[in-house]
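For reference, the chains in residue letters:
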Amino acid sequence: IVWKNIEKDKVFYQGLIQISVANYHYKKKNYKSAVEQYKKGIDKLKQYIPYYLKIDVLTIVNNSSSILSLLNGNSKTNCLIKIKKINKITLCDNLH
């Protein structure tokens with residue numbers, strides 16, 4: 001497991017992986033699993049808002065929360081969100 005030797009960043013990496021898994025489930029129309037993983041990933045990543053390791057965590061959490069709201073609202077057939085674009089990891093080089 002990736003995070004076993006990286007205790008300091010363990011929860012952060014778990015959150016990113018859970019959001020990635022949620023995106024996969026969403027793409028495969030496995031909405032129940034997507035909802036579960038979005039909830040877990042969002043919960044873990046919230047403590048790293050707005051940026052962590054130069055990654056724009058706020059955008060990832062906001063975009064994932066939007067997808068989760070759509071899924072929880074039973075709008076599954078109307079979800080036309082492009083996962084590739086919405087949960088793209090953005091690096092912020094101008095952070096100190």
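About the criteria used
- Residues numbered from 1 in each chain as written.
- Predicted model: local features only at pLDDT ≥ 70, side-chain atom pairs only at ≥ 80, totals over all residues.
- Heavy atoms only, no water.
- Helix = DSSP H or I, 4+ residues; strand = E, 2+ residues; numbered from the N terminus.
- Buried < 20%, exposed > 50% of the residue type's maximum accessible area, 1.4 Å probe, protein only.
- Contact = heavy atoms within 4.5 Å.
- Axes fitted to C-alpha atoms, helices over the stretch in contact; angles between N-to-C directions.
- Parallel < 35°, antiparallel > 145°, perpendicular 65-115°, else oblique.
- Left-handed = near helix turned anticlockwise from the far one by under 90°.
- Core = buried A, V, L, I, M, F, W, Y, C linked by side-chain atoms within 4.5 Å.
- Expected span 1.5 Å × (residues − 1).
- pLDDT = per-residue confidence, 0-100.

Further remarks concern the overall build of the protein. When its secondary structure is counted, the protein shows four helices and two strands. Along the protein, helices (α) and strands (β) appear in the sequence α-α-β-β-α-α when read from the amino end. For the protein, the proportion of its 96 residues judged to be buried stands at 40%. Contacts spanning at least 24 positions in sequence make up 60% of the contacts within the protein whose residues lie at least 6 apart.

What follows is about the packing of helix H1 (residues 10-27) against helix H2 (residues 31-45). The geometry of H1 relative to H2 is characterised by a closest axis approach of 8 Å and an angle of 160 degrees between their N-to-C directions. Between H1 and H2, the interaxial angle falls into the category roughly antiparallel. Crossing of H1 over H2 shows left-handed handedness. Across from Val-11, Phe-12, Gln-14, Gly-15, Leu-16, Gln-18, Ile-19, Val-21, Ala-22, Asn-23, His-25 and Tyr-26 in H1, the residues of H2 making contact are Tyr-31, Ser-33, Ala-34, Gln-37, Tyr-38, Lys-40, Gly-41, Ile-42, Lys-44 and Leu-45.

The biggest cluster of nonpolar side chains holds 20 residues, and the ones touching the most others in it are Phe-12, Tyr-26, Tyr-38, Leu-45, Val-57 and Leu-71. Elements represented by at least two residues in this core include exactly H1, H2 and helix H3 (57-72).

What follows covers H2. With 15 residues, H2 should cover 21 Å at 1.5 Å per step; its first-to-last C-alpha distance of 21 Å lies within 8% of that length. For H2, the complete set of buried residues consists of Tyr-31, Ser-33, Ala-34, Val-35, Gln-37, Tyr-38, Gly-41, Ile-42 and Leu-45.

Bringing the confidence of the model for the protein into the picture now. For residues with low pLDDT, the predicted coordinates do not support detailed interpretation. For the protein, per-residue confidence averages 82 on the pLDDT scale, and residues scoring 70 or more make up 71% of the total. Taken element by element, the predicted model of the protein shows its lowest mean pLDDT in helix H4 (residues 83-86) (54) and its highest in H2 (96).

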